[in-house]
There are 2 protein chains.
Amino acid sequence: MHISINQVIKDSPIGQKITLKGWVRTFRSNRFIALNDGSTIENVQVVVDFENTPEELLKRITTGAAIEVKGSVVESQGKGQSIEIQATEIHILGDSNPEEYPIQPKKHSFEFLRENAHLRVRTNVFGAIMRVRSVLAFAIHDYFQQNGFFYVNTPIITGSDAEGAGEMFRVTTLDAKNPPLTEEGKVDFKKDFFGRETNLTVSGQLEGETFAMALGKIYTFGPTFRAENSNTSRHLAEFWMIEPEVAFLDLDGNMDLAEDFIKYVLKYTLERCREDIEFLNKRFLEEEKTKPQNERSSMSLIEKLEFVINNDFKRVSYTEAIDILKNSNHNKKKKFQYIIDEWGADLQSEHERYLVEKHFQSPVILFDYPAKIKAFYMRLNEDGKTVRAMDILFPGIGEIVGGSQREERYDVLVEKIKTMGIDEKELWWYLDLRKFGTAVHSGFGLGFERLVLFATGMTNIRDVIPFPRTPQNAEF
Amino acid sequence: MHISINQVIKDSPIGQKITLKGWVRTFRSNRFIALNDGSTIENVQVVVDFENTPEELLKRITTGAAIEVKGSVVESQGKGQSIEIQATEIHILGDSNPEEYPIQPKKHSFEFLRENAHLRVRTNVFGAIMRVRSVLAFAIHDYFQQNGFFYVNTPIITGSDAEGAGEMFRVTTLDAKNPPLTEEGKVDFKKDFFGRETNLTVSGQLEGETFAMALGKIYTFGPTFRAENSNTSRHLAEFWMIEPEVAFLDLDGNMDLAEDFIKYVLKYTLERCREDIEFLNKRFLEEEKTKPQNERSSMSLIEKLEFVINNDFKRVSYTEAIDILKNSNHNKKKKFQYIIDEWGADLQSEHERYLVEKHFQSPVILFDYPAKIKAFYMRLNEDGKTVRAMDILFPGIGEIVGGSQREERYDVLVEKIKTMGIDEKELWWYLDLRKFGTAVHSGFGLGFERLVLFATGMTNIRDVIPFPRTPQNAEF
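Each chain has its residues counted from 1, running along the sequence as written. The order in which chains are written sets their letters, starting at A; the order in which ligands are written sets their numbers, starting at 1. Confidence filtering applies because this is a predicted model: local features only for residues at pLDDT of at least 70, side-chain atom pairs given and counted only at 80 or more, and all residues used for totals across whole chains, interfaces and linings. Each side-chain value is worked out from all heavy atoms of the structure, with water and hydrogens disregarded.

Let's shift gears to the relation of the copies chain B and chain A. Note on the chain copies: they are related by a rotation about an axis and a translation along it. Only residues with pLDDT of at least 70 in both copies contribute their C-alpha atoms to the least-squares superposition of the copies. Overlaying chain B with chain A gives an RMSD of 0.0 Å, the required rotation being 180 degrees about an axis along which the chain moves by 0.0 Å. Such a turn and shift between the copies fits a two-fold axis. The C-alpha atom lying nearest the rotation axis in chain B is that of Val171 of chain B; the distance is 2.5 Å. Residues are treated as being in contact if the distance between any of their heavy atoms lies within 4.5 Å. Interface overlap between copies: 100% of the residues of chain B at the interface are likewise at the interface in chain A, consistent with a symmetric, same-surface contact.

Structure follows, in structure tokens:
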């Protein structure tokens, strides 16, 4: 039986004979193998008795090769590690031709690694990112389950297109070239698999609300989709979203929940992924050094995480935010691309960044937005012009959470649906929630990859998901 | 601040004044409200001082109405509950017109409830199912995370159609009626969103393998899709699947893992969902009573769960299974629809059920199947005609797990791909795993809804997923 490198390093069973299996990261001086098996970012040093090892075998110990090592655990002579393995047997499980293997022990560009997404997770950086991603995902489940929430799998394929959150992907089994047509010459979606036109979901919120109004507290955690032609470092066509929804919770409670939740999952991850995050912290600092002094972050990755964990998010109404922006030197000197001149303007990411990074230098929760720039289901305030919406803005990331208290009043909701030109019939089941035992309820959506970006200090969202889907790219 | 009914029942804070919010299940004698808030299957009894409560208010306390109750916790006078609430204040939060509300306190058919999937979770049965589903999902994450596995989100939209696991849904943004055509008159998928034809994934296994060959142990847990026109109680077009994949693990280890995993998650769920499962157990026994004596289950739901948790699964090779089936009276008397007459036959669910329910009366792991009836990626045995595949069969459910040791030898795999007529170029990245540091590795897929079926004693898979997707049905 072999054991994991993580286990060996943790237990340091000096003097014991063990078997390890893993991949060669480097092999130097025909003597020292840095072996990694993915269980931790740390390699274990295997010392080869090269004088008693056939030349043929030594030649096959190359970067990327899979090997089995039997040997004794001894205290390390070298620095930077506490133990090493004195090998008594080495078997090659799988060769790796150094002339062909794309992942060499040198710095590769992220672009190159994206094209080799099936292998990039063998590097230190991507191994660390993906381990952090995994622990962060578990922290999310852990938080909700501990706090009495139930996990709900809302549908991925949906016949409902009423939310209007963005462009959608059609899901179909109709013949692509010659679809069946109706008598009027339109595509006859009645003949499609589901007997109607269907799309990939843009959000599980509406279905999630039906469960919150029965189970009380629920959350979703699943893939969502946007067919937007956005080739930016912040957008993916396929990404994972977390959407809690809570009955009998108002907007203030919703803000408390979101803040508590984010702090918990970041703290959990920082504690459990210490080695990975320390490695990513170093990488972050090295990257910062390549920037001009005035563009460098004032905090390291770990300092940023600790700052969020230990400080209250600033809560600022949209109206206050507009005042701050309007009166800012940035606005007066026309440094914004979109000048803020009146209440009601939609905030661009330049404005959000100004608020978060320059003015407050802290995560910010903006709330009570103008009804006109927000979705139909948000609770109208008594002023008749703002809604109980909230967005959480993070330094370097921008919007990480969008949420609201939902409109629970049947008449107000129907009116809003009509005004916005949405087909009321499509939403019969959503309206039922307001007809039968309606109550104040709230929820939010958090883009998982944006949270992983923040936790890892990475800057391109394509680097924090295993196989990114973007316009013109669905390889693997 | 209100507290949850689950908390009140657990803490029994006799004498304290509390606030509850929930939905009325029943209201009898103008006096006793059974209140539920979804946090537990148990209702709390609220005793109304009806002599001092306005008639107008009493009339609005109807099944489904959302109410707020303030009152004192007292020891219950009635049986079946330890505490009740003496109400001092009752507020109607949301009415529920009894003439219109579909979920009345009586037995509804599952068919009717499926048409009201947005409200069915307000019933005892579906509340229990969905809470069990949530805890089971968490148990799965818990098992893997505790055992050093990393969670991987493999892509939902995929350009890879090489696995051949079944019919697929096309994902597209092309105009449905007039798609762009190439010069040869074919649909020009280069103009589609991803620059190629894309589908919804049928399995994350192949991508999962790339991560296992870097991180060692991984698992997926995400939605998968089959565009098969199967209108059965065991099939969904959209379902959730768990797919662990482990480097340096052979088929025996894979069977050990699957068995240990299933036992862990069922035990975890049975312990933590005791009330819900006891309720489902009663429902199960009542349903059994409606069946003819000879068709009734010999075990209750809880006994079935305990049997699986406490007994070894039988491990039987395909060859042994064929012998058993061939020599069975069932076969000789031609009671099978498909008579087993020779080695190599694909097993139908009638055969699987015979083995599990009649012959072994235990979960069974079948292994070493004929290569011809299994997928291309399975490890060929030394006999040259069987592969290291394994299926786990459950009583009443049939196949719940399908797995294998993967073919790790480049040449053998390429040969197999060619023989099966699969486009080798499509799988360049999958083949890379065998070129660079290949090693023995194994994994399996478990259909989450089938596990939920087993854990809840339900019989139709549409009743264990929030919003089922089946042919002609994508409502909500």
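Having seen it, we continue.
Let's shift gears to the packing of aromatic side chains. Side-chain rings of Phe, Tyr and Trp (the six-membered ring for Trp) are treated as a pair once their centres are within 6.5 Å; stacked means planes under 30 degrees apart, edge-to-face means over 60, and tilted covers the remaining angles. What the rule picks out here adds up to 61 aromatic pairs over all chains. Relative to Phe211 of chain B, the ring of Phe467 of chain A lies with its centre 5.8 Å away and its plane at 55 degrees, an arrangement referred to as tilted. Taken together, the residues span two chains, with Phe467 of chain A in the segment after helix H14 (448-456) and Phe211 of chain B in helix H5 (residues 205-215). Only protein chains enter the accessibility calculation, which uses a 1.4 Å probe. A residue is then buried if its area is under 20% of the maximum for its type, exposed if over 50%, and partly exposed in between. A relative accessible area of 3% places Phe467 of chain A in the buried class. Taking relative accessible area as the criterion, Phe211 of chain B reaches 2% and is therefore assigned buried. With centroids separated by 4.7 Å and ring planes inclined at 70 degrees, the aromatic side chains of Phe394 of chain B and Phe454 of chain B adopt a geometry described as edge-to-face. Separated by 60 residues along the polypeptide, Phe394 of chain B in strand E14 (residues 386-394) and Phe454 of chain B in helix H14 (residues 448-456) bring together distant segments of the chain. Counted as over-ring charges are cases with an Arg CZ or a Lys NZ within 6 Å of the ring centre that also lie within 35 degrees of the ring normal. Across the ring face of Tyr268 of chain B, the terminal group of Arg272 of chain B is positioned such that the distance to the ring centre comes to 3.8 Å. Strands are runs of DSSP state E lasting at least two residues, helices are runs of H or I lasting at least four, and both sets are numbered from the N terminus onward.

Each partner contributes to the interface: chain B provides 111 residues, whereas chain A provides 111 residues. Buried surface area refers to the total accessible area, computed with a probe of radius 1.4 Å, that the two partners give up upon joining, counted for both partners together. For the pair chain B and chain A, the summed buried area comes to about 8800 Å², and 65% of that belongs to carbon and sulfur atoms. Counting the surface chain B buries against chain A, the share from its top three residues, Phe193, Phe248 and Phe436 of chain B, is 9%. When a carboxyl oxygen of Asp or Glu is within 4 Å of a side-chain nitrogen of Lys or Arg, the pair counts as a salt bridge. The tally of links from chain B across to chain A stands at four salt bridges. Taking the shortest distance from any N to any O, the salt bridge between Glu475 of chain B and Arg196 of chain A comes out at 3.4 Å. Pairing of N or O atoms within 3.5 Å defines a polar contact, subject to two protein rules: one partner must be a possible hydrogen donor and the other a possible acceptor, and residues neighboring in sequence count only if both atoms are side-chain atoms. For the interface between chain B and chain A, the tally reads 39 residue pairs in polar contact (both at pLDDT 80 or more). For the side of chain B that touches chain A, the element with the most residues is helix H4 (residues 124-146) of chain B, which contributes eleven residues. Three categories are distinguished: nonpolar for Ala, Val, Leu, Ile, Met, Phe, Trp, Tyr, Cys and Pro, charged for Asp, Glu, Lys and Arg, and polar for the others, with Gly belonging to the last. For the side of chain B that touches chain A, the class distribution of residues is 56 nonpolar, 32 polar and 23 charged. Strands pair, by our definition, only if DSSP identifies at least two bridges between them. Pairing between strand E8 (residues 170-172) of chain A and strand E8 (residues 170-172) of chain B: three bridges, direction antiparallel.

What follows concerns the sheet that holds strand E7 (residues 157-158) of chain A. Read from one edge of the open sheet, six strands run E7(A)-E9(A)-E8(A)-E8(B)-E9(B)-E7(B), paired in antiparallel fashion. Taken across any chain shown, the strands that pair with only one partner, and hence form the sheet edges, are E7 of chain A together with strand E7 (157-158) of chain B. The pairing of E8 of chain A with strand E9 (residues 198-200) of chain A spans two bridges and is classified as antiparallel. Each residue of the ladder has a partner; that of Val171 of chain A, found in E9 of chain A, is Thr198 of chain A.

This brings us to the nonpolar core. Only buried Ala, Val, Leu, Ile, Met, Phe, Trp, Tyr and Cys residues count toward a nonpolar core, and they belong to the same one when joined by side-chain atoms within 4.5 Å. Ranked by size, the top nonpolar core spans 263 residues in total, and within it Leu266 of chain A together with Leu266 of chain B carry the most contacts. Listed in part, the 23 residues of the second largest apolar core include Ile33, Ile67, Val73 and Ile92 of chain B.

Attention shifts here to the side chain of Asp192 of chain B. Its place among the elements puts Asp192 of chain B in the loop between E8 and strand E9 (198-200). Only four residue types enter the charge count: Lys and Arg as positive, Asp and Glu as negative, with His and the chain ends excluded. With no salt bridge to any partner, buried Asp192 of chain B finds its closest opposite charge in Arg170 of chain B, at an N-O distance of 6.0 Å. Within the local environment of Asp192 of chain B, its side chain forms a polar contact with the backbone nitrogen of Thr173 of chain B, the two atoms lying 3.0 Å apart. Dropping the residues within four chain positions of it, Asp192 of chain B is found in contact with Gln472 of chain A together with Val171, Thr172, Thr173 and Leu174 of chain B.

A few words now on helix H9 (residues 318-326) of chain B. Residue and element names in this part refer to chain B. For H9, every residue scored as buried is listed here: Tyr318, Ala321, Ile322 and Leu325. Around the axis of H9, the buried residues are gathered within 100 degrees of arc, so they sit on the same side. Elements that come into contact with the buried residues of H9 comprise strand E12 (314-317), helix H10 (329-332), helix H11 (349-360) and strand E13 (364-370). Directions drawn from the helix axis to the C-beta atoms are what define this arc.

Before going further, it helps to spend a moment on the pattern of salt bridges. Evaluated as defined, the whole model comprises 56 salt bridges over all chains. The shortest N-O distance in the salt bridge between Lys70 of chain B and Glu68 of chain B comes to 3.7 Å. The exposure class assigned to Glu68 of chain B is buried, which follows from its relative accessible area of 14%. Residue Arg379 of chain B is joined to Glu408 of chain B by a salt bridge in which the shortest nitrogen-to-oxygen separation is 3.0 Å. Of the two residues, Arg379 of chain B is situated in the loop between E13 and E14 and Glu408 of chain B in the loop between strand E15 (398-405) and helix H12 (410-419); the sequence distance between them amounts to 29 residues. What makes Arg379 of chain B buried here is its relative accessible area of 8%. Exposure remark for Glu408 of chain B: the relative accessible area of 10% places this residue in the buried category. One continuous salt-bridge network, built from bridges that share partners, spans Arg379, Glu382, Arg388, Glu407, Glu408 and Arg409 of chain A.

Turning our eyes to something else, we now look at the domain arrangement of chain A. Residue and element names in this part refer to chain A. Boundaries between domains were set according to an automatic or database domain assignment. As assigned here, chain A comprises domain 1 (5-101) and domain 2 (124-165 + 202-313 + 362-463). A straight line from the C-alpha centre of domain 1 to that of domain 2 covers 43 Å. Contacts between the two partners involve six residues from domain 1 and, on the opposite side, six residues from domain 2. Surface buried jointly by domain 1 and domain 2 totals about 460 Å² across both partners, of which 48% is contributed by carbon and sulfur atoms. At the boundary of domain 1 and domain 2, one finds zero salt bridges. Counted by class, the side of domain 1 that touches domain 2 contains one nonpolar, three polar and two charged residues.

Quick look at the environment of Leu366 of chain B now. Residue and element names in this part refer to chain B. With respect to the helices and strands, Leu366 occurs in strand E13. The class of Leu366 is buried, set by a relative accessible area of 0%. In the structure, Leu366 is positioned 49 residues away from Ser317 in sequence and 5.3 Å away in space, judged by C-alpha atoms. Not counting residues within four places of it along the chain, the set of residues in contact with Leu366 comprises Val316, Ser317, Ala321, Leu347, Leu355, Ala389, Met390, Asp391 and Leu393.

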